[in-house]
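# Coordinate analysis (summary)
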Amino acid sequence: DVASNFVDKIDGTVPPVTNVDTLKSFMKMLEASIEGYKGENLRYYAGSDYVLVYGEWGGLFKSNMGTIKATGKPVTFRDIDMFKLNDEGKVVEHSSIQNLNAVLMEASMMK
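Residues numbered from 1 in each chain as written. Predicted model: local features only at pLDDT ≥ 70, side-chain atom pairs only at ≥ 80, totals over all residues. Heavy atoms only, no water.

A separate point is the nonpolar core. Core analysis: the biggest nonpolar cluster contains twelve residues, these being Leu-30, Ile-34, Trp-57, Phe-61, Met-65, Ile-68, Val-75, Phe-77, Leu-100, Val-103, Leu-104 and Ala-107. Looking at this core, the elements with two or more residues in it are β3 (50-61), β4 (74-85) and α2 (100-109). In terms of residue count, the dominant contributor to this core is α2 (four residues). In contact with Leu-104, other than residues within four places in its own chain, are Ile-34, Phe-61, Met-65, Ile-68 and Val-75. (Core = buried A, V, L, I, M, F, W, Y, C linked by side-chain atoms within 4.5 Å. Buried < 20%, exposed > 50% of the residue type's maximum accessible area, 1.4 Å probe, protein only. Helix = DSSP H or I, 4+ residues; strand = E, 2+ residues; numbered from the N terminus. Contact = heavy atoms within 4.5 Å.)

Written out as structure tokens, the structure is:
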């Protein structure tokens, strides 16, 4: 549930995403690349208009994600996502501390 004026800053290593269709395309690509992608051991922290989510994310890295070659092996990583909400409870801003591309590139180089 994102507001029409949302900004996804991702991890700060790439330009922010401000288009809902781009966000949807990325999520579809992520779910297609990492089978069973989900978060576990999630902890939520809320204050004022922000919600932080800490947890372990992962799944089976089964298909290439862009130029990053799939390993066919499980991949897991810890991450913190920060969501800023508007008065209607919709996400207007998202940031993450983990660089997912770096995690997947490292996984694809491991033997």
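Let's pick the thread back up.
Where strand β2 (residues 34-47) and β3 come together, ten bridges link them in antiparallel fashion. Paired with Ala-46 across the bridge in β3 is Val-51. Here β2 folds back onto β3 in antiparallel fashion, the turn holding two residues, of which Ser-48 has a positive phi close to 50 degrees. Looking at chain direction, β3 and β4 are connected through eleven bridges and run antiparallel. Directly across from Glu-56, in β4, lies its bridge partner Arg-78. (Pairing = 2+ DSSP bridges.)

Take the sheet that holds β3 next. Taken in spatial order, the five strands of this open sheet run β1-β5-β4-β3-β2, and their pairing is mixed. The open sheet has two free edges, formed respectively by β1 (2-10) and β2, since each of these has just one partner strand. When strand polarity is set aside, the average angle formed by the axes of neighbouring strands in this sheet is 20 degrees. Across the sheet, helix α1 (residues 20-33) lies against β1, β2 and β3, angled at about 125 degrees from β2, the strand it touches most. Across the sheet, α2 lies against β2, β3 and β4, angled at about 180 degrees from β4, the strand it touches most. (Axes fitted to C-alpha atoms, helices over the stretch in contact; angles between N-to-C directions.)

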